[in-house]
Amino acid sequence: MLETVLFYTISLALIVFAIGVVASKSAVYSVLSLVAAMCMMAGLFILLKAYLVATILVLVYAGAILVLFLFVVMLIDIKKESFEIRGFKISPWVAAALSGIIFLETFSVIRSIRVVKVPAIHGTTEAVGHLLFSRYLLPFELTSFLILAAVVSVVVLAKKEEK
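In this text, all values refer to a predicted model and were calculated from it rather than measured experimentally.

What counts as what
Residues numbered from 1 in each chain as written. Predicted model: local features only at pLDDT ≥ 70, side-chain atom pairs only at ≥ 80, totals over all residues. Heavy atoms only, no water. Core = buried A, V, L, I, M, F, W, Y, C linked by side-chain atoms within 4.5 Å. Buried < 20%, exposed > 50% of the residue type's maximum accessible area, 1.4 Å probe, protein only. Helix = DSSP H or I, 4+ residues; strand = E, 2+ residues; numbered from the N terminus. Contact = heavy atoms within 4.5 Å. Phe/Tyr/Trp six-rings, centres within 6.5 Å; stacked < 30°, edge-to-face > 60°. pLDDT = per-residue confidence, 0-100.

Student: How would you explain the nonpolar core if you had to name every residue and give the values?
Tutor: Ranked by size, the top nonpolar core spans six residues in total: Met-38, Ala-42, Ala-54, Leu-57, Ala-62 and Leu-66. Broken down by secondary-structure element, the contributors of at least two residues to this core are helix 2 (27–47) and helix 3 (51–76). The element contributing the most residues to this core is helix 3, with four residues. Apart from the residues within four sequence positions on either side, Ala-54 is in contact with Ala-42, Phe-45 and Ile-46.

Here it is, written out as structure tokens:
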């Protein structure tokens, strides 16, 4: 009973924060909403007893990558401008109807998927670490270079021109 209540509460908070990411007019608030959404998703993984995935989600994504996004957004100094979409415009009612149709089609596809029983995978921290630093060492190192390039590019973009 408690797990069900927690599931629905965390899921509702996750949906609210996800809507906040898209609906916010400020880029800083969008990133902060995304951090909160990642933390709520980690809560769902904790309910599934996937503690390693929840910890990685909070530490790596919410703690490192999204904080890097936040620094990028704050350093670029985005001016508050109203962006107007030119060209094709549709009615909000048509957009809502299309969204509903896509939503229903998605769930009909999900219902049609047959569940196949897979063998249990031992996802301990030791097994994930061994796999990460043996088979996936090159992608792991390339990711660190990508993050380094992002940090250097933020510094270059944020640097004020001297006259």
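Text resumes after the structure shown.
Student: So what's going on with the packing of aromatic side chains? Which residues, and what values?
Tutor: Taken as a whole, this structure holds three aromatic pairs when the rule is applied. Between Phe-7 and Tyr-8, the aromatic rings sit 5.4 Å apart at their centres with planes inclined by 70°, giving edge-to-face as the arrangement. The exposed category is assigned to Tyr-8, whose relative accessible area is 56%. Where Phe-103 meets Phe-107, the ring centres are 4.8 Å apart and the plane angle is 70°; that geometry is what we call edge-to-face. Residue Phe-103 and its partner Phe-107 are located together in helix 4 (residues 92–112), separated by four residues, close to a single helical turn.

Student: How would you explain the confidence of the model for the protein chain if you had to name every residue and give the values?
Tutor: Per-residue pLDDT for the protein chain has a mean of 81; in total, 85% of the residues score no lower than 70. Within the protein chain, helix 5 (residues 125–132) has the poorest average pLDDT of any element, 77, and helix 1 (residues 2–23) the best, 93.

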